[in-house]
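# Commentary on secondary and tertiary structure
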Amino acid sequence: LRDCSKQVESSLSQGSGVNNTETVDLDLQIWREIETIFEKGEYTPWANAWAGMFVAALRTMRMKALRVARYLAKKKLGKMHPSEVSEDIGTALYGDLMASTVYGFPMQHMCNYEKRSIAEGAKYYFEEAIESSKSTDYACDSKTESWEVQFMIGKCCEKIASTLCEEIYQSDVSQTKRMYETMMTAAIDNYAAALGDAQKAEKAGGGQDNKNGGSSHGSREVLYRLHATRFKALLSAIRQAADERGLAETEACRISSTSWFDGSNKLQASDDDIRHNIWDLYVDCVQGLSSCRKGISYFHRAAYRLAQALHWAPAFHDPCFSLHTGSIESIPSSKRERISELDKNSFAECAASVIGTLFDKKRSHLVAVWVTTSTAPPPFEVLNDSVRKYDALRLKYIRAFVDTMIRCKQRDKIETFLSWAASSSQDLAGFYEASAMTFQGGHIGKSLLSGSGFLTKVQRAAMTALAKMILQDLAEMKKDGIIEHARKLLKDDFKLSHNLFLRLHSTPEEIQRAAHSNKPLDEVIAYCRCYLSIQSGRINDSINLNGSIDNAMLSSLLEGASEKAKEMFPAKKNKLKTLKRQAEDA
């Protein structure tokens, strides 16, 4: 990469001298800006800057090639059918939406306008693919499966709607509907049409939907997406501020009632009571999601969304209900009995029983998600066949699992999961960063505060969750007083917080920089508060790491906490050193 950088500089310098064009001068200015990052010794950001430009260049080349192919196919030159090329262009454009990142230099977060423009472009080409697939003017037959492309049109509509959710609600129903409602309704209509065609195709083929456990499940995938989209529309509505919730819920009812999983649920709906309508639609969505998981037990998307739906059950009954308090009995039995999964003591436990199936460790994965690609993959499989999408899905499920375990107060499961993550092999992103850090004799950076790889994010998610549970313990101790049981708990919390602090692999200087950057440091806060509480004999919750904390004070706290841990846990000392040595050797 360094040699490439020098060659680009040489080429730009020669062009500037000969042509003296503004474009070449601007490119040379950008090159110098990137080179400045290298000269500061920030090798990972420097490499990432080049990577962003490589991705942007490759995407530009791909799109130019596809548009040439589309032109040739429409002119009947070659053996390509226009529908297949249009499908590929739509897939490529939709793939550009992943991670919401604008590549190039500098890489930037994609704004809603950019997302909407790209999604509208993808939708155009998918629609063109379906239309041209019906044409008989070409020598070769179209291999485009209309229902698979119709499914992607639904996803495009849903993506467009996600960029319009901040629209102002219309208080007068006679006025034009919000564009958000129009696009969400279009998404559901497309999913419903795709579902009907997919089921007919599977029936004609004499088989059932795809059950190979990969990234697509045939008609079952479309069924899931249909009811997941309805559920998300309802969830968004009940989470609105009280002054807008009524309008939002009325709109969500219109969106979600265009397609039902079980027609008998529709018979119980009444236009007179919005709460009953919302609950009927919610029940129907949950039953649809549950059927996907029952049909394919390892359908990870259905498991995640069903767990989310169960967790939010009390809010669908009463949006003012606190998710952190109350038992399953807070929902009347007449409502509750319509959902078979609401069979535990709390809503969090109901959600945990579903999301926990992805973490039963029956496989070598951290979470039971895997990808298989067929010989001729449809657009949806193509989009899922990437490390970025794979890791994004896994991280979403892991964070949901950890959050659920916090609410269930199952600390032991989070600690076990953390041990799995810590013993995992280094992922490619982590190796990429480590190799950049060692350039020109640099040291491998192991601090979890600066890493950005998948395993770094996973470990921080688990560690932050444990730290939050410690902070909850301290808050309860301050309220109830430090009785005998609390003293033992405080000691155990201090031991755990010390272990979490060591796992950060961060120097006091790195922690100080993170604190001044306002990065979340729950592990360090828990460590310092436990130490000060043990020292003073009363719970101390005054320590907060923010940009204004004094460096000398923080260093003193960390040093004092470390000495206290060595004094209180001498038997643990050698083991922790061994763990650190093992991590350094890994």
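Residues numbered from 1 in each chain as written. Predicted model: local features only at pLDDT ≥ 70, side-chain atom pairs only at ≥ 80, totals over all residues. Heavy atoms only, no water.

## Description of the overall build of the chain
Keep this limit in mind: Runs of E in the DSSP output that reach at least two residues are strands. Runs of H or I that reach at least four are helices, and both are numbered from the N terminus. This radius of gyration counts C-alpha atoms alone. The globule rule is 2.2 Å times how many residues there are, raised to the power 0.38. Burial status follows relative accessibility: with a 1.4 Å probe on protein chains alone, a residue under 20% of its type maximum counts as buried, one over 50% as exposed, and anything between as partly exposed. Working rule for contacts: check all heavy atoms of both residues, and any pair within 4.5 Å makes them a contact.
The number of helices and strands found in the chain is 25 helices and two strands. For 586 residues, the compact-globule estimate of 2.2 N^0.38 gives 25 Å, and the chain sits close to it at 28 Å. A principal-axis box enclosing the C-alpha atoms of the chain has dimensions of 85 × 80 × 50 Å. Within the span of the chain, comprising 586 residues, buried residues form 47% of the whole. For the chain, the proportion of contacts with a sequence separation of at least 24, taken over those separated by at least 6, is 71%.

## Quick word on the packing of helix α5 (residues 112-133) against helix α6 (residues 146-162)
When two helices pack together, their arrangement is given by the angle between their axes and by how far apart the axes lie. Heads up, the condition is: Every axis in this analysis is a line fitted to C-alpha atoms, fitted for helices over the stretch in contact. Angles between the N-to-C directions lie between 0 and 180 degrees. Angular relationships are summarised with four words: roughly parallel below 35 degrees, roughly antiparallel beyond 145, roughly perpendicular across 65 to 115, and oblique for the angles in between. Left-handed describes a crossing in which the near helix is turned anticlockwise from the far one by less than a right angle; the clockwise case is right-handed. When residues are sorted by character, Ala, Val, Leu, Ile, Met, Phe, Trp, Tyr, Cys and Pro go into the nonpolar class, Asp, Glu, Lys and Arg into the charged class, and all the rest, Gly among them, into the polar class.
Close contact between α5 and α6 brings their axes to 9 Å; oriented N to C, the two are set at 160°. In terms of axis orientation, α5 runs roughly antiparallel to α6. Handedness of the crossing formed by α5 with α6: left-handed. Contacts between α5 and α6 involve R116, A119, E120, A122, K123, F126, E127, A129, I130 and S133 from the first element and S146, V149, Q150, M152, I153, C156, C157, K159 and I160 from the second. Residue classes in the contact of α5 with α6 are distributed as 11 nonpolar, three polar and five charged.

## Digging into unusual backbone geometry
Cis rather than trans, the peptide bond between F105 and P106 has omega equal to -10°. Inspection of the secondary structure assignment puts P106 in the loop between β1 (101-102) and β2 (108-109). The backbone phi angle of A99 is positive, close to 70°, even though this residue is not glycine. One can find A99 in the loop between α4 (82-95) and β1. Assessed through its relative accessible area of 42%, A99 is described here as partly exposed. Here S100, not a glycine, exhibits a phi torsion of approximately 50°, which is positive. Checked against the element boundaries, S100 lands in the loop between α4 and β1. S100 gets classed as buried once you look at its relative accessible area, which sits at 16%.

## Focus on the packing of aromatic side chains
Rule in force here: Stacked, tilted and edge-to-face are the three classes applied to pairs of Phe, Tyr and Trp rings, where Trp contributes its six-membered ring and a pair requires centres within 6.5 Å; stacked means planes under 30 degrees apart, edge-to-face means over 60, and tilted covers the rest.
Taken as a whole, this structure holds 18 aromatic pairs when the rule is applied. Look at F38 and Y43: their rings are 5.2 Å apart centre to centre, the planes differ by 55°, and that puts the pair in the tilted class. No difference in accessibility class separates F38 from Y43, as the two residues are buried. Relative to F569, the ring of F494 has its centre 5.8 Å away and its plane inclined at 45°; by these criteria the two rings are tilted.

## Observations concerning the environment of F231
Its place among the elements puts F231 in helix α8 (residues 219-238). Sequence-wise, F231 and C285 are 54 residues apart; in three dimensions their C-alpha atoms are separated by 5.9 Å.

## Here's the deal with the nonpolar core
Which entries qualify depends on this criterion: The set of buried Ala, Val, Leu, Ile, Met, Phe, Trp, Tyr and Cys residues whose side-chain atoms join them within 4.5 Å is what this entry labels a nonpolar core.
The biggest cluster of nonpolar side chains holds 153 residues, and the ones touching the most others in it are Y282, F316, F359, I414, V524 and L545. Per-element tally for this core: the top contributor is helix α20 (residues 454-480), with 13 residues. What Y282 contacts, discounting residues up to four positions off in sequence, is F231, L234, A309, L310, A313, F316 and I339. Of all hydrophobic cores here, the second largest spans 13 residues; its members include L12, F38, A47 and A436.

## What to know about the pattern of salt bridges
Which entries qualify depends on this criterion: One speaks of a salt bridge when a side-chain nitrogen belonging to Lys or Arg is within 4 Å of a carboxyl oxygen belonging to Asp or Glu.
All told, the structure shown has 25 salt bridges when counted by the stated rule. One salt bridge in this structure joins E35 and R2, with 2.5 Å as the shortest N-O distance. With E35 in helix α2 (residues 22-39) and R2 in helix α1 (residues 2-18), this residue pair connects regions lying 33 residues apart in the sequence. Side by side, E35 and R2 carry an identical accessibility label, which is buried. One salt bridge connects K74 with E128, and the closest N-O pair in it is separated by 3.2 Å. One end of the pair, K74, is in helix α3 (residues 43-74); the other, E128, is in helix α5, and 54 residues separate them in sequence. The exposure class assigned to K74 is partly exposed, which follows from its relative accessible area of 39%. One salt-bridge network, in which partners are shared between bridges, spans R59, R62 and D96.

## Quick word on the packing of α3 against helix α19 (residues 428-437)
It is the contact of α3 with α19, at a shortest axis distance of 8 Å, that shows an interaxial angle of 120°. In terms of their interaxial angle, α3 and α19 are classed as oblique. Two packed elements cross with a definite hand, and for α3 against α19 that hand is right-handed. In this structure, α3 uses Y43, T44, A47, N48 and A51 to contact α19, whose residues at the interface are Y432, E433, A436 and M437. Here the residues of the contact of α3 with α19 sort into six nonpolar, two polar and one charged.

## Let's talk about the side chain of K335
Along the polypeptide, K335 turns up in helix α14 (residues 333-336). Excluding its chain neighbours within four sequence positions, the residues that come into contact with K335 are H276, W279 and H317.

## Re α19
For the record, the criterion: It is the directions from the helix axis to the C-beta atoms that the arc portrays.
Taken as a whole, α19 has its buried residues at G430, E433, A434 and A436. Angular distribution of buried residues about the axis of α19 spans 160°; they occupy a single face of the element. Pointing more than 90 degrees away from the buried face of α19 are the exposed residues L428 and F431. Elements in contact with the buried residues of α19: α3.

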